[in-house]
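Residues per chain, in single letters:
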Amino acid sequence: MAGKKGQKKSGQGNHGKNSDMDVEDRLQAVVLTDSYETRFMPLTAVKPRCLLPLANVPLIEYTLEFLAKAGVHEVFLICSSHANQINDYIENSKWNLPWSPFKITTIMSPEARCTGDVMRDLDNRGIITGDFILVSGDVLTNIDFSKMLEFHKKMHLQDKDHISTMCLSKASTYPKTRTIEPAAFVLDKSTSRCIYYQDLPLPSSREKTSIQIDPELLDNVDEFVIRNDLIDCRIDICTSHVPLIFQENFDYQSLRTDFVKGVISSDILGKHIYAYLTDEYAVRVESWQTYDTISQDFLGRWCYPLVLDSNIQDDQTYSYESRHIYKEKDVVLAQSCKIGKCTAIGSGTKIGEGTKIENSVIGRNCQIGENIRIKNSFIWDDCIIGNNSIIDHSLIASNATLGSNVRLNDGCIIGFNVKIDDNMDLDRNTKISASPLKNAGSRMYDNESNEQFDQDLDDQTLAVSIVGDKGVGYIYESEVSDDEDSSTEACKEINTLSNQLDELYLSDDSISSATKKTKKRRTMSVNSIYTDREEIDSEFEDEDFEKEGIATVERAMENNHDLDTALLELNTLRMSMNVTYHEVRIATITALLRRVYHFIATQTLGPKDAVVKVFNQWGLLFKRQAFDEEEYIDLMNIIMEKIVEQSFDKPDLILFSALVSLYDNDIIEEDVIYKWWDNVSTDPRYDEVKKLTVKWVEWLQNADEESSSEEE
Amino acid sequence: MSSQAFTSVHPNAATSDVNVTIDTFVAKLKRRQVQGSYAIALETLQLLMRFISAARWNHVNDLIEQIRDLGNSLEKAHPTAFSCGNVIRRILAVLRDEVEEDTMSTTVTSTSVAEPLISSMFNLLQKPEQPHQNRKNSSGSSGMKTKTDYRQVAIQGIKDLIDEIKNIDEGIQQIAIDLIHDHEILLTPTPDSKTVLKFLITARERSNRTFTVLVTEGFPNNTKNAHEFAKKLAQHNIETLVVPDSAVFALMSRVGKVIIGTKAVFVNGGTISSNSGVSSVCECAREFRTPVFAVAGLYKLSPLYPFDVEKFVEFGGSQRILPRMDPRKRLDTVNQITDYVPPENIDIYITNVGGFNPSFIYRIAWDNYKQIDVHLDKNKA
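Residues numbered from 1 in each chain as written. Chains lettered and ligands numbered in written order. Predicted model: local features only at pLDDT ≥ 70, side-chain atom pairs only at ≥ 80, totals over all residues. Heavy atoms only, no water.

Visitor: What exactly am I supposed to notice about the overall build of chain A here?
Guide: Looking only at helices and strands, chain A has 21 helices and 35 strands in total. The buried share of chain A, reckoned over its 712 residues, is 59%. A separation of at least 24 residues holds for 61% of the contacts in chain A among residues at least 6 apart in sequence. For chain A, the accessible surface area stands at approximately 29,500 Å², while carbon and sulfur atoms represent 45% of it. (Helix = DSSP H or I, 4+ residues; strand = E, 2+ residues; numbered from the N terminus. Buried < 20%, exposed > 50% of the residue type's maximum accessible area, 1.4 Å probe, protein only. Contact = heavy atoms within 4.5 Å. Areas by Shrake-Rupley, 256 points an atom, 1.4 Å probe, with all protein chains shown as cover.)

As structure tokens, then:
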């Protein structure tokens, strides 16, 4: 997992600061530039999210500005996708100059697939010396960090088990500013210790949910509050224990769902996480909707003193005019054009006669023609827009060209370098990119991979019906819709900029929705999305893994390793090959059954004894390979399948004994067995195997009923 | 004078160490980490001192250009922090005076006719002229070295200015005592002004006058300051009332004097005060013919003219006024942090060099600054 070194030291960055400061006191910050999500596709295919401009300033600048103000001394930027772009950007930015307020180091970590990987990587590198700020690269905030740090230190003194402080900002009643990943926090009212954390389903699912709290967690808590109105802006102060915990728990992936939930509900760790609640402005740009909202908030000066006219980048020259109009120098405005409220215009931009602009951001060196109407839109640098066009609530990325009389309806996203011919009328929520990205949600382009995919996708034609005869652009469909023609209205409206109220509920696709499903699904989708460069190789690896995994388990059994060692080895293998638990289970079961077969074949033991011996000893492995019902059902299906494949003499007995032994060891619960049984495959080739199990399940159900009737 | 061949030398001339300090300060200004014109003025002067000690130049005009560049970059970083531009212009004026003297002394010796031109009151107050030195006009040939040590002159100027700024309150307090009468009701709408605070406390303690002070609440940006201000006054046994901003008009008939603090004073006699709502208070005072006193240190005097008031007023965040709302359906909020008071609404300026009518401010400005340095930006000059 050790990424390539991309370290870059800034010259004599901290003049005089080093000398009189303990190493302990040096505040470090870790910035996760990658979100491991695909919400900003198709634009993130070209540029990483943290370099996308918000109000003409790359997102990362806001985060770094926050850290500079917070008095951080050392910043580590973790780059995964588009790492070179980020590295180049930082190298040429003011943060790399000698008077930068902190030392900035980019860490290339191209293999990282989730926050957990990054934390483990950090631990391996051993660069964290004390408490550090963990922040994602898309945060916009004006919180007073010193207060948060004070809170953190206070809590640290009071509670030795305190390992991390989360910053949560109170949301308004207005839903759009809320996070796209809703979650409920259960907090101790007096100390604001986080007692429990649970993801909530997206508003789009319109599900009613409940949260289940283990009563044990509420021991020693006088009063607690359950809140779902908090914006999680992903600013955490962590102690140096946090990377260690990630290291110890291989399966932790995300910071909140796995880590926070895992830590606070674990008795063994006995660590505590606190929440710092604030009223100040703190948000993450995590979807098109938040991008839209935050841009408007930023122009409306809700994040003061972080405002556009403080010109945080050296080459900026914004000045403020009333009604929240920001203009850089050398803007050419025609006499009859009208610039409405909340608008920012970059330098070198020309705006023609009769054009009306309102609530919009216009980048540098744009050519905006005559009689154009631009409302609630974002136009990035170097765009050309022809006369008489109407742009409503859309986003046009850099270097795009629009002909005249083009109409962009609500929620259109025009990618980098796209050309649109005259007289085109784009439907709501159309997304266009300049290079074909078929089902692009599943892969992110990297320089190396471009060529091979281009070949793959050569057959995809330009979307002539949308961009016109002279246009250049391909429709981008998010991964949810499989077929372009049959893409339903619902699919189109997912993850858009659109401000239609109904669509608010259909807010997002991508990983977070997958997160809601089973663990298995999630890891699979992570796999498919982030294996960009290794797409081709990964098939080999899958096979490899099966062999390797089986070998590992067999080795463990032969040499009689203890369970933990076997698990650790398997997990390492899983991580390095980046496969899901499903594969791990297959490998493990195959290995176990081979062992059983071996015993029977050599007549060391009878079929039943062999199964019991093997499964009693090694069945516990599954406890760390399957985590919820669906995964257990999957496990049982695999067992059944593999038994058939292994062609035992008495397959029914083997399956029966295997299940009984798992059941006796409390690995599989009754409920799960019933569920599995209800849905079990009716394929005739399994009939023989199931013979004995039928009886067993019936017996189980009867016993269950009897026991329950006895109780009554 | 502004088009000198040496101007390009600036970035390389000073050592990188100074550049680091300058850019750190610029970044701090941009992040608004330095607050208050007093702090900004002093920090700017410290920076200027380091800059001048490290600067290299061939001719004094080169040095002046370098300082102008520095001033320009600082003004750009925080356009509404006037005091940093002001102090730099003051030092420029000191240097230019020195240059003028030198040139004059040369011409005096060569022609021995020219009479020293007394251009302003400031020159009258200058320290006695140094003995004339016999030398050629330095601008004629580059090979000639000027004997005046401009570095020394500038640094001495900076030191004097630092002393002046630090002792400004003393000067103002001298005048304060005579202005406040017994049993008078005063109103101040600028609770964040330390000068006003000291002014009032001195009036109470030195002359043992009893008077009442009304402090406006200063919603939304200064409410906390107003409370602290009132508390401090109360601790000095001054009867203090915090009043809502909206009650000012009703109370004005009872008020004897309005005292305002300033952030910058422009040549037309108008002022930028550090709290929104001051303008309306002064308007009320005018309605009731209540005298308005503005207290200002000399370093707040700016040679700029407020043609476009909007450019000089700072706009703060919206979050203090209204709760967060849907950006598409919300009211647009504008939160002025500072406020412009036109000269006709101010009766007298109390500075550390005396009290002046607003219409006389331009005169003091030209005593301290040079016309040529009004715009430090080369494009505007």
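Visitor: Would you mind showing me how to read the environment of Ile 226 of chain A here?
Guide: All names here are of chain A. Here Ile 226 shows up in strand β11 (residues 224-227). As for Ile 226 and Gly 549, which are separated by 323 residues in sequence, their C-alpha atoms are 43 Å apart. Those residues in contact with Ile 226, other than ones at most four positions away along the chain, are Phe 185, Val 186, Ile 211 and Ile 213.

Visitor: Which parts of the structure should I look at to understand the sheet that holds strand β23 (residues 367-368) of chain A?
Guide: Working definition: the strands of a sheet are paired by backbone hydrogen bonds and lie parallel or antiparallel to each other. Residue and element names in this part refer to chain A. One open sheet accounts for six strands, arranged β17-β20-β23-β26-β29-β32; its pairing is parallel. Both outer strands of the open sheet, β17 (332-333) and β32 (419-420), are each paired with one neighbouring strand and no more. Here strand β26 (residues 384-385) pairs with strand β29 (residues 401-402) via two bridges, running parallel. Counted as the bridge partner of Ile 385 is Leu 402 from β29. (Pairing = 2+ DSSP bridges.)

Visitor: Help me out: how do you make sense of the interface of chain B and chain A in this one?
Guide: It is common to give the size of an interface as the accessible area that goes away when the parts come together. Counting residues at the interface gives 29 residues for chain B, matched by 44 residues for chain A. Both faces combined, the contact of chain B with chain A buries some 3,200 Å², and carbon together with sulfur accounts for 48% of it. For the pair chain B and chain A, the interface holds three salt bridges. For Asp 332 of chain B, the salt bridge identified is with Lys 341 of chain A, shortest N-O distance 3.4 Å. The interface formed by chain B and chain A includes twelve residue pairs in polar contact (both at pLDDT 80 or more). Looking at the side of chain B that touches chain A, the elements with two or more residues in it are α2 (16-30) and α13 (309-312) of chain B. The biggest single contributor to the side of chain B that touches chain A is α2 of chain B, with five residues. Taken together, the residues of the side of chain B that touches chain A break down into eight nonpolar, eight polar and 13 charged. (Buried area = accessible area lost by both parts, 1.4 Å probe. Salt bridge = Lys/Arg side-chain N within 4 Å of Asp/Glu carboxyl O. Polar contact = N/O pair within 3.5 Å; in protein donor to acceptor, adjacent residues only side chain to side chain. Nonpolar A, V, L, I, M, F, W, Y, C, P; charged D, E, K, R; others polar.)

Visitor: Help me understand the packing of aromatic side chains, please; the structure alone is not making it clear to me.
Guide: Each aromatic ring pair is summarised here by two numbers: the centre-to-centre distance and the angle between the ring planes. Residue and element names in this part refer to chain A. Throughout the structure, instances matching the rule amount to 26 aromatic pairs over all chains. Geometrically, the ring pair formed by Tyr 291 and Phe 378 is edge-to-face, given 5.1 Å between the ring centres and 75° between the ring planes. Here Tyr 291 is found in helix α7 (residues 288-299), whereas its partner Phe 378 is found in strand β25 (residues 378-379), with 87 residues between them in sequence. An identical accessibility class is assigned to Tyr 291 and Phe 378; each is buried. Ring centres of Phe 656 and Trp 696 lie 6.2 Å apart, and the angle between their planes is 75°; this geometry places the pair in the edge-to-face category. One end of the pair, Phe 656, is in helix α19 (residues 651-664); the other, Trp 696, is in helix α21 (residues 687-711), with 40 residues separating them in the sequence. No difference in accessibility class separates Phe 656 from Trp 696, as the two residues are buried. Three or more aromatic residues joined by ring pairs form one cluster here, namely Phe 40, Trp 288, Tyr 291, Phe 378, Trp 380 and Phe 416. Stacked on the ring of Tyr 320, the Lys or Arg Arg 301 has its end atom at 4.3 Å from the ring centre. (Phe/Tyr/Trp six-rings, centres within 6.5 Å; stacked < 30°, edge-to-face > 60°. Lys NZ or Arg CZ within 6 Å of the ring centre and 35° of its normal.)

Visitor: What is the right way to read the nonpolar core from this model?
Guide: General note: in soluble globular proteins, nonpolar side chains tend to be found buried as a group. Formed by 64 residues in total, the largest nonpolar core has its most connected members in Leu 48, Ile 52, Ile 67, Leu 74, Phe 199 and Leu 200 of chain B. Take this core: its biggest share by element is ten residues, from helix α3 (residues 37-54) of chain B. Two domains share this core, each providing at least three of its residues, namely domain 1 (5-109 + 146-166) and domain 2 (168-373) of chain B. Those residues in contact with Leu 48 of chain B, other than ones at most four positions away along the chain, are Ile 67, Leu 70, Ile 88, Ile 91 and Ile 158 of chain B. Counting 59 residues, the second largest nonpolar core, distinct from the first, contains Ile 589, Trp 618, Phe 648 and Leu 653 of chain A. (Core = buried A, V, L, I, M, F, W, Y, C linked by side-chain atoms within 4.5 Å. Domains from an automatic or database assignment.)

Visitor: Would you take a moment to explain the pattern of salt bridges for this structure?
Guide: Two side chains carrying opposite charge are able to pair once their charged atoms lie near each other. Residues and elements named next belong to chain B. Here the structure, examined in full by the defined rule, presents 37 salt bridges over all chains. Across the pair Glu 43 and Lys 28 runs a salt bridge, and its minimum N-O distance is 4.0 Å. Remark: Lys 28 occurs in helix α2 and Glu 43 occurs in helix α3; sequence separation between them is 15 residues. With relative accessibility at 30%, the residue Lys 28 sits in the partly exposed group.

Visitor: Even after reading the chapter, I still don't get the domain arrangement of chain A, so can you show me in this structure?
Guide: Residue and element names in this part refer to chain A. Considered domain by domain, chain A is made up of domain 1 (26-200 + 215-282), domain 2 (315-435 + 462-475) and domain 3 (543-709). Measuring from the centre of the C-alpha atoms in domain 1 to the corresponding centre in domain 2 gives 34 Å. The partner domain 2 presents 18 residues to the ten residues of domain 1 that form the contact. A combined buried area of about 950 Å² lies between domain 1 and domain 2, and 71% of that area is made up of carbon and sulfur atoms. In terms of surface lost to domain 2, no three residues of domain 1 exceed Pro 42, Leu 43 and Asn 56, which account for 57% of the buried area on that side. Here domain 1 is connected to domain 2 by zero salt bridges. Our enumeration of links across domain 1 and domain 2 arrives at two residue pairs in polar contact (both at pLDDT 80 or more).

Visitor: Quick question: what am I supposed to make of the pairing of strand β8 (residues 162-170) of chain A here?
Guide: Within a regular strand, side chains alternate between the sheet's two faces. All names here are of chain A. Within β8, eight of the nine residues are buried, leaving the element largely enclosed by the surrounding structure. Where β8 lies against strand β13 (residues 272-278), seven bridges are found, and the strand directions are parallel. Bridge assignment links Leu 168 to a residue of β13, and that residue is Leu 277. Note: β8 against strand β12 (residues 230-238), six bridges, orientation antiparallel. Paired with Lys 170 across the two strands is Leu 230, which belongs to β12.

Visitor: Please explain the side chain of Ser 310 of chain A as it appears in this structure.
Guide: Looking at the secondary structure, you find Ser 310 of chain A in the loop between α7 and β15 (319-321). Discounting residues that sit within four places of it in the chain, Ser 310 of chain A has contacts with Pro 305 of chain A together with Lys 30 and Arg 32 of chain B.

Visitor: What is the right way to look at a nonpolar patch on the surface in this model?
Guide: A contiguous nonpolar surface patch, about 190 Å² in accessible area, is contributed by Leu 462, Val 464 and Val 472 of chain A. Considering the arrangement of structural elements, one finds Leu 462 of chain A in the loop between α8 (450-456) and α9 (464-467). (Patch = residues over 30% accessible without salt bridge, like charges linked within 9 Å, V, L, I, M, F, W, Y side chains within 5 Å.)

Visitor: How should the confidence of the model for chain A be read in this particular structure?
Guide: Parts of the model with low pLDDT should not have their predicted coordinates read in detail. Residues and elements named next belong to chain A. Mean pLDDT over chain A stands at 77; residues scoring 70 or higher make up 81%. Note that residues 439-459 has pLDDT below 50 and, in this model, 39 contacts with residues that lie over four places away or in other chains. Note on residues 479-494: pLDDT is under 50 here. Beyond four places in sequence and across chains, it has 26 contacts. (pLDDT = per-residue confidence, 0-100.)

Visitor: Explain the sheet that holds strand β34 (residues 431-433) of chain A to me, please; I cannot follow it from the model alone.
Guide: All names here are of chain A. Taking strand neighbours across the sheet as the criterion, the nine strands line up as β15-β16-β19-β22-β25-β28-β31-β34-β35 in an open arrangement whose pairing is mixed. Bordering the open sheet on either side are β15 and β35 (474-475), each of which pairs with just one other strand. Across three bridges, strand β16 (residues 325-327) lies against strand β19 (residues 343-345) in parallel orientation. Considered in β19, the bridge of Ile 325 is made with Thr 343.

Visitor: What is the right way to look at α3 of chain B in this model?
Guide: Since there are 3.6 residues in each turn of an α-helix, residues three or four apart along the chain are aligned in direction. Compared with an ideal rise of 1.5 Å per residue, which puts 18 residues at 26 Å, α3 of chain B spans 25 Å between its outermost C-alpha atoms and is within 8% of the ideal. Of all the residues in α3 of chain B, the buried ones are Ser 37, Ile 40, Ala 41, Leu 42, Thr 44, Leu 45, Leu 47, Leu 48, Met 49, Phe 51, Ile 52 and Ala 54 of chain B. (Expected span 1.5 Å × (residues − 1).)

Visitor: What should I look at first to understand unusual backbone geometry in this one?
Guide: Backbone geometry follows two general trends: most residues other than glycine have a negative phi, and most peptide bonds adopt the trans configuration. A cis amide bond links Tyr 304 of chain A with the next residue in sequence, Pro 305 of chain A, at an omega value of 5°. Note on placement: Pro 305 of chain A falls in the loop between α7 and β15. The linkage connecting Phe 219 of chain B with the following residue, Pro 220 of chain B, adopts the cis geometry, with an omega of 0°. Turning to its location among the elements, Pro 220 of chain B is positioned in the loop between β2 (211-216) and α10 (223-235).

Visitor: I'm lost on the pairing of strand β10 (residues 193-199) of chain A in this one. Help?
Guide: All names here are of chain A. Counting buried positions along β10 yields seven of seven residues, so the element is predominantly enclosed. Bridge count between strand β9 (residues 183-188) and β10: five bridges; the pairing is antiparallel. The residue bridging Leu 187 from the neighbouring strand is Cys 194, located in β10.

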